[in-house]
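# Understanding the architecture of this molecule
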Amino acid sequence: MAGSNKIKITPPRWLLAELTYKCPLQCPYCSNPLDYNQHNNEISTEDWKRVLSEARKMGAVQLGFSGGEPLTRPDLPELVKHARELGYYSNLITSGYGLTEEKILQLKEAGLDHIQVSIQASTQDLNDHIAGTESFQSKKEVARLVKKHGYPMVLCVVIHRENIHQMPEILAMAEELGADYVELANTQYYGWAHANRDLLMPTKEQYEAAEKIAQDFKEKVADKMKIYYVIPDFHEARPKACMNGWGTTFLTIAPDGMALPCHSARELPGLDCPNVTEHSISEIWNESKAFNFFRGTDWMKEPCGSCDEKEKDFGGCRCQAYLLTGDMYATDPVCHKSPENTVIQEAIASARASALSGDEKPLIFRNSKNSKKY
Amino acid sequence: MISRSKEAIMSINPDKIIQFSPLHRLQWEEAQQKDVILYPEGMVELNQSSAEILKMCDGTRALEQIVNDLEEKFSTTGLKNDIMAFLEVALQNGWIKQD
């Protein structure tokens, strides 16, 4: 764990700026923490500008403006302009809700490079149900405007049991909207998605059918559209190479200024994640306890420690290990070599039973009322 | 996975102007001491020769002009095959385009 001086520290390349936890949508798979309502104080425009400047100086080049809904921050155009002046490639990761043509032009003028619009489903009823907000028509209109004004258009659809059957229609919609990229993000079970897992996780047969459809479509549209497929890791034999390795590439700053090695790391105990209002980005990246905690491989237990794939997947995800085994040093239980892989198989079986039972509990939507329960 | 048939269809037309994709950005990265291509949530690091070729794809030159200008710039000859091979890759990746 922390303190090994032998590890060569690489500079951050990716800065995820979670500007706010405010969001007009209530998606039940949101990756924000369940208790986000307790962290609702937001750092200032000047703090953000300093964060952007310092991280850029270290080598960060990809910048994601995310949230919550980043459009709810009135200083977004000012931050985009600052980012452009620094040479970042700026990505706006938005629900599209409330994004007017005027705002799209204003952000373009400020130097925004790309807008990723999320859509929840291919039909209005399901989209608006999952989003918890009537938003389907305005999202499609925003997607058209993004394209019209010369941005690369990325359509992001989070995939789960309620929409996985719409895969052909979702892909047809992406084609019709002229998306340059489609991100098919199988739900990752953290935060709200973890709380709703029995209701959201598709069966293995559903995954396989959907992946086949996506694969065929990918070949059909290869010269005009790129497809990013975020794998459903519960059904894999090996864990994902989470964050490309802890503290190697990704730096997330939460709305309250907390610096996180990944956007879920707030949940891990004893990391003492530093805050940008108290430390420089350089101190945070190079010297903080949190960013050094799982750097390298010295922290690993068995079976990771002696595994010949440890440099490939870095033991998987620390947050998933903690969430599912209670031990953040454990092998990600997704791995078939993990002695605790049974928790994954049990989760799959439990979701399957829920799918077949027909008397499912309602989804827990992400909103401040529900957040106060955590 | 890009299907083989699609790759065969996309190839450089020697008579047409080549321009860098408006959906990508070519930029020098001081921290990395190299040129990179930036696109939504991604980055490709370039070696020097690839970067030099892409900088010539500025919407004013077709293939022959690019070859001539690079051969002149580096006081050499016989670059055509290497340049052509790289431009095919660049086209397939969407980094450059021809109208």
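Residues numbered from 1 in each chain as written. Chains lettered and ligands numbered in written order. Predicted model: local features only at pLDDT ≥ 70, side-chain atom pairs only at ≥ 80, totals over all residues.

### Some details on the packing of helix 2 (residues 48-56) of chain B against helix 3 (residues 63-73) of chain B
All names here are of chain B. For the pair helix 2 and helix 3, the least separation of the axes is 10 Å and the interaxial angle reads 130°. Considered as vectors, helix 2 and helix 3 are oriented oblique to each other. Note on packing geometry: the crossing formed by helix 2 with helix 3 is right-handed. Where helix 2 approaches helix 3, its residues E52, I53 and M56 are matched on the opposing element by I66, D69 and L70. Taken together, the residues that form the contact of helix 2 with helix 3 break down as four nonpolar, no polar and two charged. (Axes fitted to C-alpha atoms, helices over the stretch in contact; angles between N-to-C directions. Helix = DSSP H or I, 4+ residues; strand = E, 2+ residues; numbered from the N terminus. Parallel < 35°, antiparallel > 145°, perpendicular 65-115°, else oblique. Left-handed = near helix turned anticlockwise from the far one by under 90°. Contact = placed C-beta atoms within 7 Å. Nonpolar A, V, L, I, M, F, W, Y, C, P; charged D, E, K, R; others polar.)

### Some details on the nonpolar core
Residues and elements named next belong to chain A. In terms of nonpolar packing, the biggest core is built from 118 residues, with V146 and L155 touching the most fellow members. Top element by residues in this core is strand 5 (residues 153-159). It accounts for seven residues. Not counting chain neighbours up to four residues away, the residues in contact with L155 comprise V117, I119, A143, A174, L177, A179 and V182. (Core = buried A, V, L, I, M, F, W, Y, C linked by C-beta atoms within 7 Å. Buried ≥ 20, exposed ≤ 12 C-beta atoms within 10 Å, placed from the backbone.)

### Structural notes on the sheet that holds strand 3 (residues 34-39) of chain B
All names here are of chain B. Spatially, three strands are ordered 2-3-4 in an open sheet, and the strand pairing comes out antiparallel. The two strands at the open ends of the sheet, each matched to only one other strand, are strand 2 (25-29) and strand 4 (42-45). Averaged over all adjacent pairs, the angle separating strand axes in this sheet is 30°, with direction ignored. One ladder, built from four bridges, connects strand 3 with strand 4; its direction is antiparallel. The partner of L38 across the bridge, within strand 4, is M43. (Pairing = 2+ DSSP bridges.)

### Details of unusual backbone geometry
Note that the residue after A:G67, namely A:G68, is joined by a cis bond; omega there is 20°. Here A:G68 shows up in the loop between strand 2 (62-66) and helix 2 (76-86). Of note, the amide linkage connecting A:E302 to A:P303 takes the cis form, showing an omega dihedral of 5°. Note on placement: A:P303 falls in the loop between helix 11 (289-292) and helix 12 (310-313). With a phi angle near 55°, A:F314 is a residue other than glycine that sits in the positive phi range. Relative to the helices and strands, A:F314 resides in the loop between helix 12 and helix 13 (318-325). Of note in this structure, B:Q33 is not a glycine but carries a positive phi near 55°.

This is a description of form; function is not addressed.
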